[in-house]
Amino acid sequence: MSENSECWQQRTELLLGKEKAERLNRSHVLIVGVGGVGAYAAEMLCRAGVGSITIVDSDLVQKSNINRQILAMNSTLGCLKVQVLAKRLVDINPNVKVAAFPIYLCDEAIPSLLDNNHFDFIVDAIDTVAPKCYLIYHALQRKIKIVSSMGAGAKRDITQIRFADLWETYHCGLSKAVRKRLQKMGVRQKVPVVFSTEQPDANAIMPVEGEPNKKSTVGTVSYMPAVFGCYLAEYVIRKI
């Protein structure tokens, strides 16, 4: 059999087995935030054969995204990230069902999103504390499986990326902020996350003023968000 005539999922089935591949095809994954981390997670899930993918992000592709985001090219500047990603996912697998929501997922919108759809898994790649915590909170309340990305910025050593329970993370400012808010919300359950044990480079963090939902600009390098995204996808594929 020639390479071109093979089922495009043949090699995935060889590794994971036919039953697992079919389970992935029947699954529906929600990915919130499709920037540096989330878009890589979405693509890896699509290439692994996840059959239905919902993506949520209100951002447009900007010049500053090009150093690390798979969707960011000069040809996509000014385009909605979810639209660019949806087109890419369908180009990878024409049979994938993609729902794209170009919205900022505010706290009030999260319950209706989760209640009006059936998701087998949620990938949280949000970089703003409040909606991130509310998404985690409502997922736990509804017993929907979730894995959350912590901070990939100001770090450069991929060998220090880990899976952990949120409550056991360290050297991560985002983790600390999320733990603090979730505690105030009464959350005590385990929350699986991807984080880095590396100390952040303080010189790579620059305060900013006057930007909504953003207090600082953090230095990043091309491969770190990509590896975080791959970790998230691997966790989902293993657990589905």
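Predicted, not measured: the structure shown is a model, and the values here were computed from it. (Residues numbered from 1 in each chain as written. Predicted model: local features only at pLDDT ≥ 70, side-chain atom pairs only at ≥ 80, totals over all residues. Heavy atoms only, no water.)

## Regarding the packing of aromatic side chains
Line of reasoning, step 1. The full count for this structure, using the stated rule, is four aromatic pairs.
Line of reasoning, step 2. Ring geometry for Phe121 against Tyr235: centres 6.1 Å apart, planes inclined by 80°, an arrangement best described as edge-to-face. With Phe121 in strand 4 (residues 121-124) and Tyr235 in helix 8 (residues 223-239), the pair connects residues that are 114 residues apart, well separated along the chain. Tyr235 carries the same exposure label as Phe121, and that label is buried.
Line of reasoning, step 3. Summarising the aromatic geometry, the rings of Phe163 and Tyr235 are spaced 5.6 Å apart at their centres and angled 45° between planes, so their arrangement reads as tilted. Of the two residues, Phe163 sits in strand 6 (residues 161-165) while Tyr235 sits in helix 8, which places them 72 residues apart along the sequence.
Line of reasoning, step 4. Three or more aromatic residues joined by ring pairs form one cluster here, namely Phe121, Phe163, Tyr231 and Tyr235.
Line of reasoning, step 5. Residue placement shows Arg238 over the ring face of Phe163; its charged tip is 5.4 Å from the ring centre. (Phe/Tyr/Trp six-rings, centres within 6.5 Å; stacked < 30°, edge-to-face > 60°. Helix = DSSP H or I, 4+ residues; strand = E, 2+ residues; numbered from the N terminus. Buried < 20%, exposed > 50% of the residue type's maximum accessible area, 1.4 Å probe, protein only. Lys NZ or Arg CZ within 6 Å of the ring centre and 35° of its normal.)

## Digging into the pairing of strand 7 (residues 192-196)
Line of reasoning, step 1. Within strand 7, four of the five residues are buried, which leaves the element mostly enclosed by the surrounding structure.
Line of reasoning, step 2. Inspection of the sheet shows strand 5 (residues 146-149) paired to strand 7 by two bridges, in the parallel sense. Bridge assignment links Ser149 to a residue of strand 7, and that residue is Val194.
Line of reasoning, step 3. The pairing of strand 6 with strand 7 spans five bridges and is classified as antiparallel. The residue of strand 7 that forms the bridge with Ile161 is Ser196. (Pairing = 2+ DSSP bridges.)

## Concerning the pattern of salt bridges
Side-chain pairing between opposite charges can occur once the charged atoms of the two side chains come close.
Line of reasoning, step 1. Taken as a whole and judged by the stated rule, the model has eight salt bridges.
Line of reasoning, step 2. Across the pair Arg47 and Glu43 runs a salt bridge whose closest N-O atoms are separated by 2.9 Å. Placement of the pair is Arg47 and Glu43 together in helix 3 (residues 38-47), with a separation of four residues, close to one helical turn.
Line of reasoning, step 3. For Arg47, a relative accessible area of 41% puts it in the partly exposed group.
Line of reasoning, step 4. For Lys132, the salt bridge is made with Asp124, and the minimal N-O distance between the two is 3.0 Å. We note that Lys132, like Asp124, is buried. (Salt bridge = Lys/Arg side-chain N within 4 Å of Asp/Glu carboxyl O.)

## Side note on the sheet that holds strand 3 (residues 97-101)
Line of reasoning, step 1. Overall, mixed pairing links the seven strands, which are arranged 3-2-1-4-5-7-6 in an open sheet. Here the strands that pair on one side only, and so sit at the sheet edges, are strand 3 and strand 6. Going from strand to strand, the sheet's axes swing by 20° on average, the running direction of each strand aside.
Line of reasoning, step 2. Alignment of strand 4 against strand 5, held across three bridges, turns out to be parallel. Bridge pairing in strand 5 places Asp124 opposite Ser148. (Axes fitted to C-alpha atoms, helices over the stretch in contact; angles between N-to-C directions.)

## So, the packing of helix 3 against helix 8
Line of reasoning, step 1. At a minimum axis separation of 7 Å, helix 3 and helix 8 run at an interaxial angle of 40°. For the element pair helix 3 / helix 8, the angle class is oblique. The interaxial crossing formed by helix 3 with helix 8 has right-handed handedness. Seen from helix 3, the contacting residues are Tyr40, Ala41, Met44 and Leu45; seen from helix 8, they are Ala226, Gly229, Cys230, Leu232, Ala233, Val236 and Ile237.
Line of reasoning, step 2. Among the residues making up the contact of helix 3 with helix 8, the classes are represented as 10 nonpolar, one polar and no charged. (Parallel < 35°, antiparallel > 145°, perpendicular 65-115°, else oblique. Left-handed = near helix turned anticlockwise from the far one by under 90°. Contact = heavy atoms within 4.5 Å. Nonpolar A, V, L, I, M, F, W, Y, C, P; charged D, E, K, R; others polar.)

## Examining the nonpolar core
Line of reasoning, step 1. Ranked by internal contacts, the top residues of the largest apolar core, which has 41 residues, are Val29, Ile31, Leu45, Ile53, Ile55, Val123 and Val236.
Line of reasoning, step 2. No other element matches the eight residues that helix 8 contributes to this core.
Line of reasoning, step 3. Ignoring anything within four residues of it in the chain, the contact list for Ile55 reads Ile31, Val34, Val82, Leu85, Ala86, Val98, Ala99, Ala100 and Phe101. (Core = buried A, V, L, I, M, F, W, Y, C linked by side-chain atoms within 4.5 Å.)

## Looking at the layout of surface pockets
Line of reasoning, step 1. Volume-wise, the second largest pocket comes out at about 180 Å³.
Line of reasoning, step 2. For the second largest pocket, the full set of lining residues is Cys7, Trp8, Gln9, Glu13, Ala21, Glu22, Asn25, Ala48, Gly49, Asn93 and Asn95.
Line of reasoning, step 3. Tallying contributions element by element places helix 2 (residues 18-26) first for the lining of the second largest pocket, with three residues.
Line of reasoning, step 4. For the lining of the second largest pocket, the per-class residue count stands at four nonpolar, five polar and two charged. (1 Å grid on protein atoms, 1.4 Å probe; cavity = no way out; pocket = protein on both sides within 12 Å on 5 of 7 lines; lining within 4 Å. Points joined across faces, edges and corners; volume = space filled by probe spheres on them.)

That's the geometry; what it means functionally is another story.
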